[in-house]
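So you can see what is in the structure, the chains are spelled out below.
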Amino acid sequence: MASTPAVTLNDRNTIPQLGYGVFKVPPADTERAVLEAFELGYRHIDTAAIYGNEEGVGAAIASSGLARDELFITTKLWNDRHDGEEPRAAIGESLDKLGLDKVDLYLVHWPTPARDNYVHAWEKVIELREAGLTRSIGVSNHLVPHLERIVAATGVTPAVNQIELHPAYQQREITDWAAAHDVRIESWGPLGQGKYDLFEAGPIAAAAEAHGKTPAQAVLRWHLQKGFIVFPKSVRRERLQENLDVFDFELTEAEVAAIDDMDQPDGSGRVSAHPDEVN
Ligand code: NAD
């Protein structure tokens, strides 16, 4: 199996373009699932304090025998930890659970605009990087006005913005802004969380058939060729393997364009929460 390419972030750190996301992986299953992912060749894990499974990720890291610098570990600051010195306490708790002295990427999970404290959260996350507790810093679920505000307030541009993104919901306003500001997009819900008939859609089924791949692999390949970072979730070994086996084929420009055309610019393709509603 060909190896996962690395993407260079705006702070010059590199991140494997494909990883394993552990949202909704039950805490009791996490160590086994992450160890299986490591065995298959995954080196990038996306977790969050709110997922409740950082300890399982940490246990897998400890028993994997892999060197720390071979791994890329992301975790996230939850919404009720933005104020005061809470971000420092929160990353400390995450690091204890992960068994690490620093993560590779720390994200502000949601802007929680009704609380109006995401600028403060970003200022504190910048301090966490300065303190050596994370190598890179970024945000998640930030819309363009949130991004513009945190950059104007601090002069520090996040390395990534992790947003819901899949063929029916391509968020072009945010991806255009990110491209113009050297911010990498991480697509969460890259397979639409299984909530719509993505795999039966004509352009995806056709691309999969043309390359002798599964529809999930065609969709992941589309993300990769768009330059997005992805970490599809599964707890099934065969799917973990399938999702990693996407580096030996390439969609044609026409196939990419046909999937691009699946976007619903009115936002009706969204399958999960809108950032303005999460507070
Ligand atoms: P996803 O699009 O990865 O969908 C996961 C579902 O797709 C699985 O439960 C499974 O049913 C199905 N699936 C996976 N591989 C498949 C395959 N090969 N064939 C058929 N079906 C398959 O959705 P997700 O888990 O929400 O997103 C991926 C990761 O993104 C998460 O695990 C998490 O790390 C991150 N995430 C971040 C946020 C955020 O707010 N920042 C929100 C949601 C998810």
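Coordinates for the structure precede this section.
Predicted model, so just to flag it, every value in this text is computed and none were measured.

Basis of the calculations
- Residues numbered from 1 in each chain as written.
- Predicted model: local features only at pLDDT ≥ 70, side-chain atom pairs only at ≥ 80, totals over all residues.
- Heavy atoms only, no water.
- Core = buried A, V, L, I, M, F, W, Y, C linked by side-chain atoms within 4.5 Å.
- Buried < 20%, exposed > 50% of the residue type's maximum accessible area, 1.4 Å probe, protein only.
- Helix = DSSP H or I, 4+ residues; strand = E, 2+ residues; numbered from the N terminus.
- Near = heavy atom within 4 Å.
- Polar contact = N/O pair within 3.5 Å; in protein donor to acceptor, adjacent residues only side chain to side chain.
- Areas by Shrake-Rupley, 256 points an atom, 1.4 Å probe, with all protein chains shown as cover.
- Nonpolar A, V, L, I, M, F, W, Y, C, P; charged D, E, K, R; others polar.
- Axes fitted to C-alpha atoms, helices over the stretch in contact; angles between N-to-C directions.
- Parallel < 35°, antiparallel > 145°, perpendicular 65-115°, else oblique.
- Contact = heavy atoms within 4.5 Å.

Trainee: For this particular structure, what's the right way to read the nonpolar core?
Mentor: Within soluble globular proteins, side chains that are nonpolar tend to cluster in buried spots. Formed by 73 residues in total, the largest nonpolar core has its most connected members in Y20 and W122. Per-element accounting of this core gives the leading share, seven residues, to helix α4 (residues 118–130). In terms of nonpolar packing, the next biggest core, distinct from the first, is built from ten residues, V7, L105, V160 and I229 among them.

Trainee: Even after reading the chapter, I still don't get the site of the ligand, so can you show me in this structure?
Mentor: The immediate surroundings of the ligand are formed by 24 residues, with D46, S140, L191, Q193 and N243 found nearest. Taking W188, its side chain carries an N or O atom lying 3.5 Å from an oxygen atom of the ligand. Measuring from an oxygen atom of the ligand, one finds a backbone N or O atom of G192 at 3.4 Å. Burial of the ligand by the surrounding chains reaches 88%, relative to a free accessible area of 840 Å². Split into classes, the residues belonging to the shell around the ligand amount to eleven nonpolar, nine polar and four charged.

Trainee: What is the right way to read the packing of helix α5 (residues 144–154) against helix α6 (residues 172–180) from this model?
Mentor: Working note: a packed helix pair is described by the angle between its axes plus the distance between those axes. Put simply, α5 and α6 touch, their axes get as near as 10 Å, and they point 30 degrees apart. As far as their axial angle goes, α6 and α5 are roughly parallel. Along its contact with α5, which presents V144, L147, E148 and V151, the element α6 presents E173, I174 and W177. Here the residues of the contact of α5 with α6 are counted per class, giving five nonpolar, no polar and two charged.

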